[in-house]
Amino acid sequence: MRDQAKIIGFATAVCLVCSILLALVSTALGPRQARNKANDVKSKVLQVFGVQVTDASGKPCVSPEELDTLFKQRITGLVLDSTGKHLPEKAVADLNPREISEPDKTSGLKPFYPLYIYEDPETQTRQYAIHVSGKGLWSTVKGFMALKADQSTIAGIVFYEHQETPGLGGEIEKPFFLNRFKGKQLHADGTLQAFRITKPGAQTDMHSVDGITAATMTCRGVENFLNTDFAVYDQYFKNQKAVN
Amino acid sequence: MAKLRKIVSDPLADNNPVTWQVLGVCSALAVTTKVSTAVVMSLALTAVLCCSNVVISMLRKMIPNKIRMIVELCVIATLVILADQILRAYVYETSKQLSVFVGLIITNCIVMGRAEAYALQNPPFKSLLDGLGNGLGYSIVLIAVASLRELLGSGTWFGLTILSESWYTGNTLMLLPPGAFVIIGLLIWGQRTFVSKTLREED
């Protein structure tokens, strides 16, 4: 009996000490971690607009404070729902990663779609960044794509998270592949076209890019979710044009 | 003094936790595609191992034998979460690459193994040295494997280009887990055949 009491007492003490310690650390480091996360997204968005925020090896070359100011000065974020309707009561900063990248199993749509509008400080021209994500071969691939002011010409694309096979599907994050998207068009005569990632070496046109050898499945996944996401954002752009 | 030194130096080669005791292989396969992630993982594991050894050694006379292992687990889990939280706050980029593997330090047999085999019987200072030695032994193997994999797989070392892409095509096998499996296998074979000959004959 005494033994058992001692065991229970000791176990309780250990649990108490451990949980208090963890709670303290978590509260102390929480704000810093949240800022890291927020800055990570911000730097990805700035990157896709072609703003230099990292050096050649991918290390940040601007301080978190500079990043904040850059972002605030040049970028406005909007949140759209899955029908392309603007939700004014939501802010992009409040979205959690799951809400914008985990598609519903039946509809294939995500609850929220962030849209970032970039205004160039010198030329005053606008660019748009849309969030694209969906299943690759093994994992959810997440990225941002920038569109030029015409809302149809691709200005750039980055994939910031995926767990595809390194050296095969993982190559989708490399510049040689991403650069192929630049200048391609989403529309022909004002209607949204199906975007294709073709077999390597096949003929490409204004609505398709060359795929990666030995990464057919990943490319097929990317092609699928790009088209699903384009449709949602296109709806928003169309509504905007109708209003104006 | 010589004895204390031996506690640290023994696990570096002759009694290496990875190549000799074949513990902690899971993470050695997973986080060794790049040297930089391997270094952070090594530091995290060594820190956790030293702390857990010291804490468990200090508690060793109080821990009731019946719940010994669950207490060890509790201490280790707490330390691992601490390490993970700190990495996320201070080296966010690297912590993203290590992702689940920091959490999986909990399941790394080296930590539990050293607590059971050493810290429960020995005073805190010696346990600290034992943790340090085993942590470093793990680190050596991890960094060696990562160096080979990064060099042969991507032609770089610590992110610096060594083998130029113009004439060297990266070997993708090295970037996949089986590549690490082969390298660790070769390391174990090499050590047992050439380095630890005397040990084997004693056995």
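Residues numbered from 1 in each chain as written. Chains lettered and ligands numbered in written order. Predicted model: local features only at pLDDT ≥ 70, side-chain atom pairs only at ≥ 80, totals over all residues. Heavy atoms only, no water.

### Some remarks on the pattern of salt bridges
Going through the model one piece at a time under the given rule, you end up with 12 salt bridges over all chains. For Lys174(A), the salt bridge is made with Glu171(A), and the minimal N-O distance between the two is 3.0 Å. Exposure remark for Lys174(A): the relative accessible area of 34% places this residue in the partly exposed category. Across the pair Arg114(B) and Asp130(B) runs a salt bridge whose closest N-O atoms are separated by 2.9 Å. Of the two residues, Arg114(B) sits in helix H7 (residues 109-119) while Asp130(B) sits in helix H8 (residues 124-154), which places them 16 residues apart along the sequence. The exposure class assigned to Arg114(B) is buried, which follows from its relative accessible area of 14%. (Salt bridge = Lys/Arg side-chain N within 4 Å of Asp/Glu carboxyl O. Buried < 20%, exposed > 50% of the residue type's maximum accessible area, 1.4 Å probe, protein only. Helix = DSSP H or I, 4+ residues; strand = E, 2+ residues; numbered from the N terminus.)

### What to know about the sheet that holds strand S3 (residues 126-135) of chain A
Two strands in a sheet stick together by hydrogen bonds in their backbones, pointing the same way (parallel) or opposite ways (antiparallel). Residue and element names in this part refer to chain A. Strand order in the open sheet formed by five strands is S1-S2-S3-S4-S5, and the pairing between neighbours is antiparallel. At either end of the open sheet lies a strand with only one pairing partner, and these are strand S1 (75-81) and strand S5 (154-161). Each strand axis lies, on average, 25° off the axis of its neighbour in the sheet, ignoring direction. The sheet contacts of helix H2 (residues 64-74) involve S1 and strand S2 (112-119), and relative to S1 the element is tilted by about 70°. Taken strand by strand, helix H5 (residues 216-243) contacts S1, S2, S3, strand S4 (140-147) and S5, and its axis lies near 135° from that of S3. (Pairing = 2+ DSSP bridges. Axes fitted to C-alpha atoms, helices over the stretch in contact; angles between N-to-C directions. Contact = heavy atoms within 4.5 Å.)

### With respect to a nonpolar patch on the surface
On the surface, a nonpolar cluster with roughly 560 Å² of combined accessible area is contributed by Val182(B), Leu186(B), Trp189(B), Phe194(B) and Val195(B). Position of Val195(B) among the secondary structure elements: in helix H10 (residues 177-195). (Patch = residues over 30% accessible without salt bridge, like charges linked within 9 Å, V, L, I, M, F, W, Y side chains within 5 Å. Areas by Shrake-Rupley, 256 points an atom, 1.4 Å probe, with all protein chains shown as cover.)

### Focus on the interface of chain A and chain B
Listed by partner, the interface residues are 21 residues for chain A and 21 residues for chain B. Each partner contributes to the roughly 2000 Å² buried at the junction of chain A and chain B, and carbon and sulfur atoms together form 73% of this total. Contact with chain B buries surface across chain A, with Ile7(A), Phe10(A) and Leu22(A) losing the most and accounting together for 26% of the total. Counting across the chain A and chain B interface gives zero salt bridges. The interface formed by chain A and chain B includes four residue pairs in polar contact (both at pLDDT 80 or more). Residues of the side of chain A that touches chain B, tallied by class, amount to 11 nonpolar, five polar and five charged. (Buried area = accessible area lost by both parts, 1.4 Å probe. Polar contact = N/O pair within 3.5 Å; in protein donor to acceptor, adjacent residues only side chain to side chain. Nonpolar A, V, L, I, M, F, W, Y, C, P; charged D, E, K, R; others polar.)

### Regarding the packing of aromatic side chains
Any two aromatic rings considered together are summarised by their centre-to-centre distance and by the angle between their planes. Applying the stated criterion across every chain yields a total of 12 aromatic pairs over all chains. Here the aromatic rings of Trp157(B) and Phe158(B) are separated by 5.3 Å at their centres, their planes lie at 75°, and the arrangement is edge-to-face. Three or more aromatic residues joined by ring pairs form one cluster here, namely Phe71(A), Tyr116(A), Phe144(A) and Tyr160(A). Arg192(B) extends its terminal NZ or CZ atom over the ring of Trp20(B), reaching a point 4.5 Å from the ring centre. (Phe/Tyr/Trp six-rings, centres within 6.5 Å; stacked < 30°, edge-to-face > 60°. Lys NZ or Arg CZ within 6 Å of the ring centre and 35° of its normal.)

### Considering the side chain of Asn16(B)
All names here are of chain B. With respect to the helices, strands and loops of the structure, Asn16 is situated in the loop between helix H1 (2-9) and helix H2 (25-30). In this structure Asn16 comes out as buried when scored by relative accessible area, which is 2%. Those residues in contact with Asn16 that lie beyond four places of it in its chain are Asp10, Pro11, Gln21, Gly137 and Val141.

### What about the packing of helix H3 (residues 35-59) of chain B against helix H4 (residues 68-90) of chain B?
Residues and elements named next belong to chain B. Interaxial distance between H3 and H4 falls to 10 Å at its minimum, and their mutual angle equals 145°. Pair H3 / H4 crosses with right-handed handedness. For the pair H3 and H4, contact is made by Val40, Val48, Cys51, Ser52, Val55 and Ile56 and by Glu72, Val75, Ile76, Leu79, Val80, Ala83 and Leu87, respectively. Across the contact of H3 with H4, the residue classes break down as 11 nonpolar, one polar and one charged. (Left-handed = near helix turned anticlockwise from the far one by under 90°.)

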